[in-house]
Amino acid sequence: MARVLHLPARGRLIVCTDLQGCLRDFHRIVELFDEAMAETGDAHLLFTGDLIHGPHLDEQDWPDFLGEYYRDASGEVIDELAVLMARHPGRVHALVGNHEHGHIGGPHTAKFAADEVAVLEHLLGPEHAERMRAVLREFALVAIAPCGAVFTHGAPAATIASIRDIEEARLDGFEAGSPIDILDTPVIGAILWARSAEPDVAARFVRTLGGTFCVYGHDVIPEGFEIIGDEQIVVSTSFGVFDANKVYVSLDLAARYRSVHDLRVGHEILPLYPDARPQRERAHG
Ligand SMILES: [Mn+2]
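Cut-offs used in this document
Residues numbered from 1 in each chain as written. Predicted model: local features only at pLDDT ≥ 70, side-chain atom pairs only at ≥ 80, totals over all residues. Heavy atoms only, no water. Core = buried A, V, L, I, M, F, W, Y, C linked by side-chain atoms within 4.5 Å. Buried < 20%, exposed > 50% of the residue type's maximum accessible area, 1.4 Å probe, protein only. Helix = DSSP H or I, 4+ residues; strand = E, 2+ residues; numbered from the N terminus. Contact = heavy atoms within 4.5 Å. Donors = N, O, S within 2.8 Å, 3.2 Å for Na, K, Ca; no water. Salt bridge = Lys/Arg side-chain N within 4 Å of Asp/Glu carboxyl O. Pairing = 2+ DSSP bridges. Axes fitted to C-alpha atoms, helices over the stretch in contact; angles between N-to-C directions. Disulfide = S-S within 2.5 Å.

Trainee: I would appreciate a short explanation of the nonpolar core in the present structure.
Mentor: Within soluble globular proteins, side chains that are nonpolar generally end up buried alongside one another. Counting 62 residues, the largest nonpolar core has I29, F47, I166 and F205 as the members making the most contacts within it. Broken down by element, this core gets its largest block of residues, 7 residues, from helix α1 (residues 23–40). Setting aside its immediate chain neighbours within four residues, I166 contacts R3, V4, L141, V142, I160, V187, I191, F205 and L209. The next biggest cluster of nonpolar side chains, apart from the first, holds 24 residues, and it includes L46, F213, I233 and V247.

Structural data, given as structure tokens:
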């Protein structure tokens with residue numbers, strides 16, 4: 001699969017960040033995509049990586065900082081993604097996150113287990129694991145859209161001379177390395193692992209790709225999203241966030257957004273669960 005995904009200049013785009021194996025939120029974003037398809041007949045759905053690797057915890061052991069309770073269902077998420085991609089050819093897209101990378105040549109992540117790659121592949125068994133890897137190998141590294149949007153998994157902190165630096169980036173060969181080593185790897189180290197980018201670095205990155213702003217996840221924003229400078233928006237659609245604060249992005253691919261400030265709450269920045277009660281109210285019964 002090409003490292004750079006080129007989105008079209010028409011239609012509606014729904015963007016979902018880190019699911020970390022949350023099947024319920026996957027179903028919800030698919031429902032929103034289905035609604036957009038029904039309304040416009042021309043919709044796209046983009047996952048910006050880390051669809052897999054969530055906690056395997058009972059509810060009583062679940063700490064508040066992990067947000068809304070769920071149980072990891074990484075295998076089901078990728079199975080259902082593959083079905084959805086087949087049902088809507090060319091309309092359902094995903095980027096590699098640092099957690100997917102572990103299965104297809106990257107260092108093994110250790111967020112909720114010492115080796116999450118080994119744990120998930122063991123749970124799935126060899127055939128199912130190979131099926132999952134085949135899906136993950138098709139994921140792109142960066143997506144760009146004529147509307148000005150650039151999409152990455154982590155922060156747009158990479159220094160690139162041209163789009164070719166991304167097109168030619170290699171994802172394999174890092175199995176033995178640690179996430180610390182890969183941080184120093186040009187291009188993919190930053191794109192897959194950086195939690196922030198200096199505004200001038202982000203500006204150069206998006207402009208080199210012909211864009212005006214970058215949407216990414218990787219980090220948790222408990223309030224749902226954060227705008228940094230004129231070029232960056234960090235979005236938390238699922239993982240680490242309570243339902244009432246989960247946010248997704250909806251873009252008009254035929255528009256031209258001049259900067260991240262053209263994204264408006266209630267229009268492009270939308271609640272995943274508009275009817276969810278804030279955690280504060282629930283805590284007080
Ligand atoms: Mn990540």
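Right, picking up where we left off after that structure.
Trainee: Can you help me understand the coordination of the manganese ion in this one?
Mentor: Between any two of four tetrahedral donors, the ideal angle at the metal is 109.5 degrees; between two of six octahedral donors, it is 90 or 180 degrees. The coordination sphere of the manganese ion, as far as protein atoms go, consists of D50 (OD), N98 (OD1), H153 (NE2) and H218 (ND1), spread over 2.1 to 2.2 Å. Between consecutive donors of the manganese ion, the numbers of intervening residues give the motif D-x47-N-x54-H-x64-H. Here the residue N98 occupies a position in helix α3 (residues 98–101), and H153 occupies one in the loop between β6 (149–151) and α6 (164–167), the gap between them amounting to 55 residues. Take N98: its relative accessible area is 3%, and that puts it in the buried class. Accessibility expressed as a relative area gives 0% for H153, which makes it buried.

Trainee: Please clarify how the pattern of salt bridges should be interpreted in this entry.
Mentor: Opposite charge on two side chains makes pairing possible when the charged atoms of those side chains draw close. On inspection of all chains with the given rule, the structure shows 18 salt bridges. Note that K246 is salt-bridged to D25, the shortest N-O span being 2.7 Å. Note that K246 is positioned in the loop between β9 (232–235) and β10 (247–252) and D25 in helix α1, a separation of 221 residues in sequence. Both residues of the pair, K246 and D25, count as buried.

Trainee: How should I be thinking about the sheet that holds strand β1 (residues 4–6) in this particular structure?
Mentor: Sheet strands associate in pairs through backbone hydrogen bonding, adopting either a parallel or an antiparallel arrangement. In spatial order, the strands read β1-β5-β6-β7-β9-β8; together these 6 strands make up an open sheet with mixed pairing. Either end of the sheet is taken by a strand with one partner, and the two such strands are β1 and β8 (225–228). When the angles between neighbouring strand axes are averaged without regard to direction, this sheet yields 20°. Judged from the 3 bridges that link them, strand β7 (residues 213–216) and β9 form a sheet pairing that is parallel. Within β9, the residue paired with V215 across the bridge is I233.

Trainee: Is there a simple way to think about the sheet that holds strand β2 (residues 12–16) in this case?
Mentor: Reading across the sheet, the 5 strands line up as β4-β3-β2-β10-β11 and stay open at both edges, with mixed pairing between neighbours. The outermost strands of the open sheet, each flanked by one partner alone, are β4 (92–94) and β11 (269–271). Here the strands of the sheet are splayed against their neighbours by 25° on average, with no regard to which way each runs. Inspection of the sheet shows β2 paired to strand β3 (residues 43–47) by 5 bridges, in the parallel sense. Bridging across to β3, C16 finds its partner in F47. Where α1 meets the sheet, its contacts fall on β2, β3, β4 and β10, and the angle it forms with β3 comes to roughly 160°. The strands touched by helix α2 (residues 74–87) within the sheet are β3 and β4, with β4 carrying the most contacts at an inclination of about 135°.

Trainee: Got a minute to help me understand the state of the cysteines in this structure?
Mentor: In this structure the tally under the stated criterion is 0 disulfides. Here C16 is not disulfide-linked; the sulfur of C22 is the nearest cysteine sulfur, at 9.3 Å.

Trainee: What's the story with the environment of D64 in this structure? I'm lost.
Mentor: Looking at the element boundaries, D64 is found in the loop between β3 and α2. Of the residues examined, D64 reaches a relative accessible area of 57% and is grouped as exposed. Distance from D64 to V247, taken between C-alpha atoms, is 18 Å for residues 183 residues apart in sequence.

Everything listed here is a matter of coordinates, which is why it stays silent on function.
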